[in-house]
Amino acid sequence: MTQTQRQPSIVERLSEPHSGPVPFSVEFFPPRDEAAEERLWRAVRVFERMHPAFVSMTYGAGGSTRDRTARITGQLERETTLLPVAHLTAVNHSVDELRAMVGTYADQGISNILALRGDPPGDPLGDWHRHPQGVAYAEDLVRLVRDLGDFHVGVASFPEGHHRSPDLEHDTRQLVAKLRAGAEYSITQMFFDVEFYLRLRDRLVAADPEQGAKPLIPGIMPVTSLATVRRMVELSGASIPADVERRLVHAAGDGPEEDRQAVRAVGIDLATEMSQRLIAEGVPSLHFCSMNFAKATSEVLERLGMDVLVA
């Protein structure tokens, strides 16, 4: 399987000259309706002017957004100057379906894929069931994609450990296995304590120095709503440290509705503080969960000394 035009790999892109202390990238998710899609494209055009190293498009639980993910990722490749990374998950897909999806990406000139086992539909924290003709683990998906052609594959990593892993050591072994299978980098699940990231990096290097040398990209979410971040944390198995929770709760206030502006201000401060420490600790780049909005991320980037225009 071949691509119509070779994209640079994410590792190559991260090594290119960049504005600011480190490169950055952005995560989008498939919109649910026409209005949401218009909002996404407004954010895309703002981010395009900021020159992120790459952007990624997520893939809904159980493959629920497969067609939209493929369509919009293809549009990002054809209609913008951005470098898109397409998500691919194993949930509810046979090997034949997975191969066809990779072929769809290849036909659109996309060679960067983030290979994920994925969450079950309905309850992301529920039991995971392998498709009868599918693959069992993300490392199997990495091998499948790599065997189909000249693709560059990334995987997910979990600073607090994946919620299905019995302990952090097991989780680290799983990450090492995915990297040994051919993944070139990993992007972490969002976290709110830099120590979680640093300890993951330490565990990875200790387990396999060669794989530990591959980029471990921290996932950052500038919080703009306490209710939203609580829901995302609940669904992801991550946590909000007590001191962070206190700051956000204080900002939210005691009214019937949270003070979104105050929460947003604290969220921007938190994301900036985390990013500054991560940069000081030598991270290869920063990956922002944008929620399909540009303003919060652009404000953080401006505070970090990136040469960007706040939207």
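The coordinates are above.
So, here's what we can say about the structure.

What to know about the overall build of the protein chain
So, step 1. The number of helices and strands found in the protein chain is twelve helices and eight strands.
So, step 2. The proportion of buried residues among the 311 residues of the protein chain is 58%.
So, step 3. Sequence-distant contacts in the protein chain: of pairs separated by 6 or more residues, those separated by 24 or more amount to 79%.
So, step 4. Carbon and sulfur atoms make up 49% of the accessible area of the protein chain, which amounts to about 13600 Å² in all.

Quick word on helix H3 (residues 66–79)
So, step 1. With 14 residues, H3 extends 20 Å between its outermost C-alpha atoms, agreeing within 8% with the 20 Å of an ideal straight helix rising 1.5 Å per residue.
So, step 2. Turning to H3, its buried residues are Thr69, Ala70, Ile72, Thr73, Gly74, Gln75, Leu76 and Glu77.

Quick look at the side chain of Gln211
So, step 1. Along the polypeptide, Gln211 turns up in helix H8 (residues 209–212).
So, step 2. Given the relative accessible area of 6%, Gln211 is considered buried.
So, step 3. Residues in contact with Gln211, not counting those within four places in the same chain, are Val176, Leu179, Arg180 and Leu204.

Quick notes on the sheet that holds strand E2 (residues 54–57)
So, step 1. With respect to topology, eight strands assemble into a closed barrel ordered E1-E2-E3-E4-E5-E6-E7-E8, the strand pairing being parallel. Here the average twist between neighbouring strands, direction ignored, is 30 degrees.
So, step 2. When strand E1 (residues 24–28) meets E2, the two strands line up parallel, connected through four bridges. The partner of Glu27 across the bridge, within E2, is Ser56.
So, step 3. Its contacts with the sheet place helix H6 (residues 168–180) against strand E5 (152–157) and strand E6 (185–190), and it is angled at close to 175 degrees to E5.

Observations regarding unusual backbone geometry
So, step 1. Here His51, not a glycine, exhibits a phi torsion of approximately 60 degrees, which is positive.
So, step 2. Along the chain, the position of His51 falls in the loop between helix H2 (34–50) and E2.
So, step 3. Unlike most non-glycine residues, Met291 shows phi in positive territory, near 55 degrees.
So, step 4. Mapping Met291 onto the fold places it in the loop between strand E8 (286–289) and helix H12 (295–303).
So, step 5. Residue Met291 is classed as partly exposed on the basis of its relative accessible area of 27%.

Examining the nonpolar core
So, step 1. Counting residues in hydrophobic clusters, the biggest one holds 65 residues, and the most contacted among them are Leu88 and Val145.
So, step 2. Ranked by the residues each element gives to this core, the list is headed by H2, at seven residues.
So, step 3. Beyond its immediate stretch of four places on either side in the chain, Val145 contacts Leu88, Val102, Ile113, Phe151 and Val153.
So, step 4. Counting residues in each nonpolar core, the second largest holds 16 residues, with Val229, Ala251, Val266 and Leu270 among its members.

Quick word on the packing of aromatic side chains
So, step 1. Applying the stated criterion across every chain yields a total of two aromatic pairs.
So, step 2. The interplanar angle of 20 degrees and the centroid separation of 6.0 Å between the aromatic rings of Phe191 and Tyr197 together place this pair among those described as stacked. Both residues of the pair, Phe191 and Tyr197, count as buried.

Considerations on the packing of H6 against helix H7 (residues 194–207)
So, step 1. Interhelical geometry of H6 versus H7 gives an angle of 65 degrees and a closest axis separation of 10 Å. Judged by the sense of rotation from one axis to the other, the crossing of H6 with H7 is right-handed. Together, Leu168, Thr172, Leu175, Val176, Leu179 and Arg180 of H6 and Leu200, Arg203, Leu204 and Ala207 of H7 make up the contact between the two elements.
So, step 2. Tallied by class, the residues present in the contact of H6 with H7 amount to seven nonpolar, one polar and two charged.

Some thoughts on the pattern of salt bridges
So, step 1. As enumerated under the stated definition, the model contains 17 salt bridges in all.
So, step 2. For Arg45, the salt bridge is made with Glu48, and the minimal N-O distance between the two is 2.8 Å. Of this pair, Arg45 and Glu48 are both found in helix H2, three residues apart, which corresponds to roughly one turn of the helix.
So, step 3. For Arg45, a relative accessible area of 34% translates into the label partly exposed.
So, step 4. For Glu281, the salt bridge goes to Arg277, with nearest N and O atoms at 3.9 Å.
So, step 5. Judged by its relative accessible area of 32%, Glu281 falls in the partly exposed class.
So, step 6. Taken together, the shared-partner salt bridges connect Glu195, Arg199, Arg201, Asp202, Arg277 and Glu281 into one network.

Re the pairing of E5
So, step 1. Burial within E5 is extensive, with six of its six residues counted as buried.
So, step 2. Of the two faces of E5, the one carrying His152, Gly154 and Ala156 and the one carrying Val153, Val155 and Ser157 are both buried.
So, step 3. Sheet topology note: the strand E4 (residues 112–116)/E5 ladder contains four bridges and is parallel. If you follow Ala115 over to E5, its bridge partner there is Val155.

The rules behind the values
Residues numbered from 1 in each chain as written. Predicted model: local features only at pLDDT ≥ 70, side-chain atom pairs only at ≥ 80, totals over all residues. Heavy atoms only, no water. Helix = DSSP H or I, 4+ residues; strand = E, 2+ residues; numbered from the N terminus. Buried < 20%, exposed > 50% of the residue type's maximum accessible area, 1.4 Å probe, protein only. Contact = heavy atoms within 4.5 Å. Areas by Shrake-Rupley, 256 points an atom, 1.4 Å probe, with all protein chains shown as cover. Expected span 1.5 Å × (residues − 1). Pairing = 2+ DSSP bridges. Axes fitted to C-alpha atoms, helices over the stretch in contact; angles between N-to-C directions. Core = buried A, V, L, I, M, F, W, Y, C linked by side-chain atoms within 4.5 Å. Phe/Tyr/Trp six-rings, centres within 6.5 Å; stacked < 30°, edge-to-face > 60°. Left-handed = near helix turned anticlockwise from the far one by under 90°. Nonpolar A, V, L, I, M, F, W, Y, C, P; charged D, E, K, R; others polar. Salt bridge = Lys/Arg side-chain N within 4 Å of Asp/Glu carboxyl O.

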